[in-house]
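What follows is the residue order along each chain.
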Amino acid sequence: MRKVYTIIFIMVIAVISSSCEQTTSKQATISKAEDSKYAATFEELSMGMLWSFEFYLPNTDKRWVNVWVERYQDGEKDPDPVTQLSYGMSPNEVDEGNLGLAIISPELKQPSIFLYAPGVTQSAKRMEEGFNENLASAWGYGLGDEKLELELGETVTLGGYRQASTKDSIKVQDFSSEASIEEMIDKDHLVLLLKMKIEEKTDLEE
């Protein structure tokens, strides 16, 4: 009987250890946070547009996070990002909190834009070209309603903004669809894409 209890005890310990290992090795995740305090503030003050996310990053001492905004004007991609944010190698075991992109006063010819992440922020940067306040525009998320698990080394489109080639109307498009994004880039006057990639420390050292 003692042998049976011993075997059961060992099995229970193995299950608990396995559960702990799964929790520790949990993937980085991101999800929309449209009801965040940041989004509420932007809406209340009519400041502009805000893409707001809840971001969870484990094993932060081995990870590097890159967030940037690509710009396409009349089908041509700018050689450099409009703005970007890179951080990592944190001493914390886990980093989690709000991550997002804000465009302040998009109705102006030169609106301001900035990125933020858990514990990291940057000053607003004025966009000196590309915007045309007279054209029809739209913006949206590249994520669905479910939490997304982020694979290391994979580039993910979190959202985007676009201005049509005319001022009268703009066709509904999906920022979660590569085909739709390609069509926007090909036909619209301006397309901004918010992108993200997480890398391992070993990958950066190669």
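The structure we're discussing is the one just above.
Residues numbered from 1 in each chain as written. Predicted model: local features only at pLDDT ≥ 70, side-chain atom pairs only at ≥ 80, totals over all residues. Heavy atoms only, no water.

**A short note on the nonpolar core**
Stated precisely, the cut-off is as follows: Throughout this description, the term nonpolar core refers to a set of buried Ala, Val, Leu, Ile, Met, Phe, Trp, Tyr and Cys residues connected via side-chain atoms within 4.5 Å. Burial classes: relative accessible area under 20% of the type maximum marks a residue as buried, over 50% as exposed, and values in between as partly exposed (1.4 Å probe, protein chains only). Helix and strand definitions follow DSSP, with helices as H or I runs of at least four residues and strands as E runs of at least two, each counted in order from the N terminus. Two residues qualify as a contact provided that any one of their heavy atoms is within 4.5 Å of a heavy atom in the partner residue.
Among the nonpolar cores identified, the biggest contains 32 residues, and Phe55, Leu99 and Met196 are the most heavily contacted of them. Residue assignment for this core shows that the elements contributing at least two residues are β1 (28-32), β2 (48-58), β3 (63-73), β5 (83-88), β6 (94-104), β7 (112-117), β12 (156-163) and β13 (190-200). Met196 has contacts with Ile30, Phe55, Val65, Asn66, Val67, Trp68, Leu99, Leu150, Glu154, Thr155, Val156 and Leu158, leaving out every residue within four places of it along the chain. Ranked by size, the runner-up nonpolar core spans seven residues in total, among them Phe175, Ile181, Val191 and Leu193.

**Considerations on the pattern of salt bridges**
Just so we agree on the cut-off: The term salt bridge refers to a side-chain nitrogen of Lys or Arg lying within 4 Å of a carboxyl oxygen of Asp or Glu.
Evaluated as defined, the whole model comprises nine salt bridges. Two residues, Glu34 and Lys32, come together in a salt bridge whose shortest N-O distance is 3.8 Å. When the shortest N-O distance is used, the salt bridge between Lys187 and Glu183 registers 3.5 Å. Of this pair, Lys187 and Glu183 both sit in helix α3 (residues 178-187), separated by four residues, roughly a single helical turn. Relative accessible area serves as the criterion here: at 53%, Lys187 is assigned to the exposed category. Each of Lys32, Glu34 and Asp145 takes part in salt bridges that share partners, so that together they form one network.

**Remarks on the side chain of Ser36**
Selection criterion: We call two N or O atoms a polar contact when they sit within 3.5 Å, provided that within protein one can donate a hydrogen and the other can accept it, with sequence-adjacent residues counted only if both atoms are side-chain atoms.
Residue placement: Ser36 occurs in the loop between β1 and α2 (37-45). Within the structure, Ser36 has its side chain in polar contact with the side chain of Ser52 (distance 2.8 Å). Here Ser36 is in contact with Ser52 and Asn98, once residues within four sequence places are set aside.

**So, the environment of Glu76**
Relative to the elements of secondary structure, Glu76 occurs in strand β4 (residues 76-77). Put simply, Glu76 and Val191 are 115 residues apart on the chain and 9.8 Å apart in space, counted from C-alpha to C-alpha.

**Considering α3**
In an α-helix there are 3.6 residues to a turn, and that puts residues three or four apart on one side. So the rule is basically this: The arc under discussion is defined with respect to the helix axis, by the directions toward the C-beta atoms.
For α3, every residue scored as buried is listed here: Ser180, Ile181, Met184 and Ile185. Burial along α3 is one-sided: seen end-on, the buried residues are contained in an arc of 135°. Exposed residues on α3 whose side chains face more than 90 degrees from its buried face are Ala179, Asp186 and Lys187. Close packing links the buried residues of α3 with β3, β12 and β13.

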